[in-house]
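Listed here are the chains, written in short residue letters.
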Amino acid sequence: MLIELNEDQSLLRDEVRRFAEEVVRPLAKEIDAKGIFPRDTIRQAAELGLTGVCVPEEFGGAAMDTLSYCLVIEEISRVCASTGVILSVNNSLVCDPLTKFGNQEQKEKWLTPLASGELLGCFALTEPGAGSDAAALRTTAVRDGNDYILNGNKVFITNGTDADVALVFATTDMAQKHRGIACFIVAADTPGYSHGIHEYKLGVNASGTTELAFEDMRVPASQRLGEEGEGFKVAMSTLDGGRIGIAAQAVGIAQGAFEEALAYSQEREQFGRPISKFQAIQHYLADMSTELDAGRLLTWKAAWTKDNKKRFTLEAAQAKLFTSEMAQRVTNKALQIHGGYGYIREYNVERYFRDARITEIYEGTSEVQKMVIADWVLNKS
Ligand code: CAA
């Protein structure tokens, strides 16, 4: 495994960094404070190919590899974690499963507009009683001729406020537990599809998290993604890829906070000299930089494993576990280096600190990642 970016990847990183600095950063503070979903930014990101990074060109994507995708999510999250997760959901949790499990007709109809940014997607798996235990979901799908009728509720759906399309997981046979689950591609304007409350959160405030409710919602069987009973596999293998995206997001948030702290430590003077001259601060910076590199390498390893067509469940879980916890430590130290200024909204570090927290929760909590890792080291390696 090479730990050096190739020319295409380096160029991509530079281009995305420019976009992040010029377009995303100027809005980051305001959209966080006001909870504004940055639809126009996502449209501009789509023009650069960032809404369908790994999707084949014939379906409107940029046909890049997973490592490139990590660079995109890191660079965007380095300035705005909300924009980072919006893109990551559309890429990893919607375009990826459509690419992997969709038939030709589904790809033409749904994947192409989702990858090109004409439509935005969300991933509707979690329910009030089915979070970590995703197989316990209770949304039902009852076959009726050529259609299914869906009823149920979803919670904490990232992009839910603004998505045009949802991948909805529902059970056709509760008795079969995870083997009774199917996945459906559902347009948000389908009769019976409605939004519940828009959640007010600790962080990633611009990413539009909402409840979704389905009441006698009729979905054609042609919009079932994969077979009946295959939905849990679709969800799990999709989340393997999603966890690499969240690891990249955590690295981006930590990197952003680290850079703010590094600059501040060299400007801020106390006791007659910049605080970077004090060993206490130097040790913080040394730890932060080392942890960041370790997290980035784990993330790139997971991406490399996926790109090399090997099973990457273990690597993705390890990367997400480590980077999300690393991001707590790094953003916490960045805030500490800023002292009182780190605690007020004028400075960015308090936003990084708040945004980092969710990376330990969504797309599988740290405890779930440990379940996955332990299962691999005990039973599957
Ligand atoms: N890929 C493919 N198939 C998989 C798989 C994977 N990674 N992991 C498990 N499976 C299959 C198994 O092979 C098994 O299939 P068979 O019965 O046919 O052999 C089946 O799934 C059940 O496996 P388990 O018994 O291991 O499943 P479980 O019910 O014990 O659950 C779990 C395991 C890891 C805890 C899983 O439920 C899980 O990941 N939970 C967390 C859910 C989650 O991440 N939710 C995030 C919501 S989306 C989100 O957060 C988006 C956002 O906002 C940004």
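Residues numbered from 1 in each chain as written. Predicted model: local features only at pLDDT ≥ 70, side-chain atom pairs only at ≥ 80, totals over all residues. Heavy atoms only, no water.

**Focus: the domain arrangement of the protein**
Splitting the protein by domain gives domain 1 (7–120), domain 2 (122–231) and domain 3 (232–379). Counting residues at the interface gives 17 residues for domain 2 and 15 residues for domain 3. Summed over both partners, the interface of domain 2 with domain 3 buries about 1200 Å², with 71% contributed by carbon and sulfur atoms. Our count for the domain 2 to domain 3 interface comes out at one salt bridge. Across the salt bridge formed by Glu-230 and Lys-233, the nearest N and O atoms sit 3.7 Å from each other. Summed over the shared surface of domain 2 and domain 3, the number is eight residue pairs in polar contact (both at pLDDT 80 or more). Across the side of domain 2 that touches domain 3, the residue classes tally to 10 nonpolar, six polar and one charged. (Domains from an automatic or database assignment. Contact = heavy atoms within 4.5 Å. Buried area = accessible area lost by both parts, 1.4 Å probe. Salt bridge = Lys/Arg side-chain N within 4 Å of Asp/Glu carboxyl O. Polar contact = N/O pair within 3.5 Å; in protein donor to acceptor, adjacent residues only side chain to side chain. Nonpolar A, V, L, I, M, F, W, Y, C, P; charged D, E, K, R; others polar.)

**Topic: the packing of helix H4 (residues 81–101) against helix H6 (residues 231–267)**
It is the contact of H4 with H6, at a shortest axis distance of 9 Å, that shows an interaxial angle of 155°. In this view, H4 runs roughly antiparallel relative to H6, as classed from their interaxial angle. For the pair H4 and H6, the sense of crossing is right-handed. Along its contact with H4, which presents Ala-81, Gly-84, Val-85, Ser-88, Ser-92, Leu-93, Pro-97, Lys-100 and Phe-101, the element H6 presents Val-234, Ser-237, Thr-238, Leu-239, Gly-241, Gly-242, Ile-246, Gln-249 and Ile-253. When the residues that make up the contact of H4 with H6 are grouped by side-chain class, the tally is nine nonpolar, eight polar and one charged. (Axes fitted to C-alpha atoms, helices over the stretch in contact; angles between N-to-C directions. Helix = DSSP H or I, 4+ residues; strand = E, 2+ residues; numbered from the N terminus. Parallel < 35°, antiparallel > 145°, perpendicular 65-115°, else oblique. Left-handed = near helix turned anticlockwise from the far one by under 90°.)

**Regarding the nonpolar core**
With 55 residues, the main nonpolar core has Leu-98, Leu-125, Phe-169, Leu-225, Met-288 and Ile-337 as its most contacted residues. Sorting the residues of this core by element identifies H4, helix H5 (104–115), strand E4 (165–171), strand E5 (181–187), H6, helix H7 (279–307), helix H8 (313–338) and helix H9 (349–357) as the ones contributing at least two each. Sort the elements by how many residues they give to this core and H6 lands first, with 13 residues. Other than its neighbours up to four places away in sequence, Ile-337 contacts Ala-261, Tyr-264, Ser-265, Ile-275, Ile-281, Tyr-284, Leu-285 and Met-288. Of all hydrophobic cores here, the second largest spans 36 residues; its members include Cys-70, Leu-71, Val-79 and Ala-206. (Core = buried A, V, L, I, M, F, W, Y, C linked by side-chain atoms within 4.5 Å. Buried < 20%, exposed > 50% of the residue type's maximum accessible area, 1.4 Å probe, protein only.)

**Some remarks on a nonpolar patch on the surface**
Nonpolar side chains collect at one region of the surface, where Tyr-341, Tyr-343 and Ile-344 lie side by side and expose about 350 Å² of accessible area between them. Structurally, Ile-344 can be placed in the loop between H8 and H9. Judged by its relative accessible area of 36%, Ile-344 is partly exposed. (Patch = residues over 30% accessible without salt bridge, like charges linked within 9 Å, V, L, I, M, F, W, Y side chains within 5 Å. Areas by Shrake-Rupley, 256 points an atom, 1.4 Å probe, with all protein chains shown as cover.)

**Some details on the packing of aromatic side chains**
Taken as a whole, this structure holds six aromatic pairs when the rule is applied. The lysine or arginine in question, Arg-329, covers the ring of Phe-322, its NZ or CZ lying 5.8 Å from the ring centre. The ring of Tyr-352 has Arg-351 sitting right over it, with the charged end atom 5.3 Å from the ring centre. (Phe/Tyr/Trp six-rings, centres within 6.5 Å; stacked < 30°, edge-to-face > 60°. Lys NZ or Arg CZ within 6 Å of the ring centre and 35° of its normal.)

**Here's the deal with the site of the ligand**
Around the ligand, a shell composed of 26 residues is seen, among which Ser-132, Thr-158, His-178, Arg-179 and Glu-363 lie nearest. Arg-179 is positioned with one of its side-chain polar atoms (N or O) 2.7 Å from an oxygen atom of the ligand. Between Arg-243 and the ligand, the recorded distance is 2.9 Å, taken from a side-chain N or O atom to an oxygen atom. In the complex, the protein chains occlude 72% of the 1100 Å² of accessible area that the ligand would expose alone. Elements with a minimum of two residues in the shell around the ligand: H4, H6 and helix H10 (366–380). In terms of residues, the shell around the ligand owes the most to one element, H6, which gives seven residues. (Near = heavy atom within 4 Å.)

**A closer look at unusual backbone geometry**
With glycine set apart, most residues show a phi of negative sign, and most peptide bonds adopt trans. The phi dihedral of Phe-271 falls on the positive side, at around 55°, and the residue is not glycine. Residue placement: Phe-271 occurs in the loop between strand E9 (269–270) and strand E10 (273–274). With a phi close to 55°, Glu-363 is a non-glycine residue in the positive phi region. Mapped onto the fold, Glu-363 is located in the loop between H9 and H10. Classification of Glu-363 as buried rests on a relative accessible area of 10%.

**Observations concerning helix H1 (residues 7–34)**
Counted at 1.5 Å a residue, the expected span for H1 with its 28 residues is 40 Å, and the 39 Å between its end C-alpha atoms agrees. The largest bend in H1 amounts to roughly 50° and is located at Val-24, with the proline Pro-26 lying one to four residues further along. Within the span of H1, buried status applies to Gln-9, Leu-12, Val-16, Phe-19, Ala-20, Val-23, Val-24, Ala-28, Ile-31 and Asp-32. Those residues of H1 that are buried lie in contact with helix H2 (39–47), helix H3 (66–79), H4 and H9. Measuring from the backbone nitrogen of Asp-8 back to the side-chain oxygen at the start of H1 gives 3.1 Å, which picks out Asn-6 as the cap. (Expected span 1.5 Å × (residues − 1). Bend = angle between axes of the 7 residues up to and from the residue.)

**Some words on the side chain of Thr-299**
Along the chain, Thr-299 falls in helix H7. There is a polar contact of 2.7 Å between the side chain of Thr-299 and the backbone oxygen of Gly-295. Those residues in contact with Thr-299, other than ones at most four positions away along the chain, are Cys-70, Ile-244, Ala-247, Ala-248, Val-251, Ala-319 and Thr-323.

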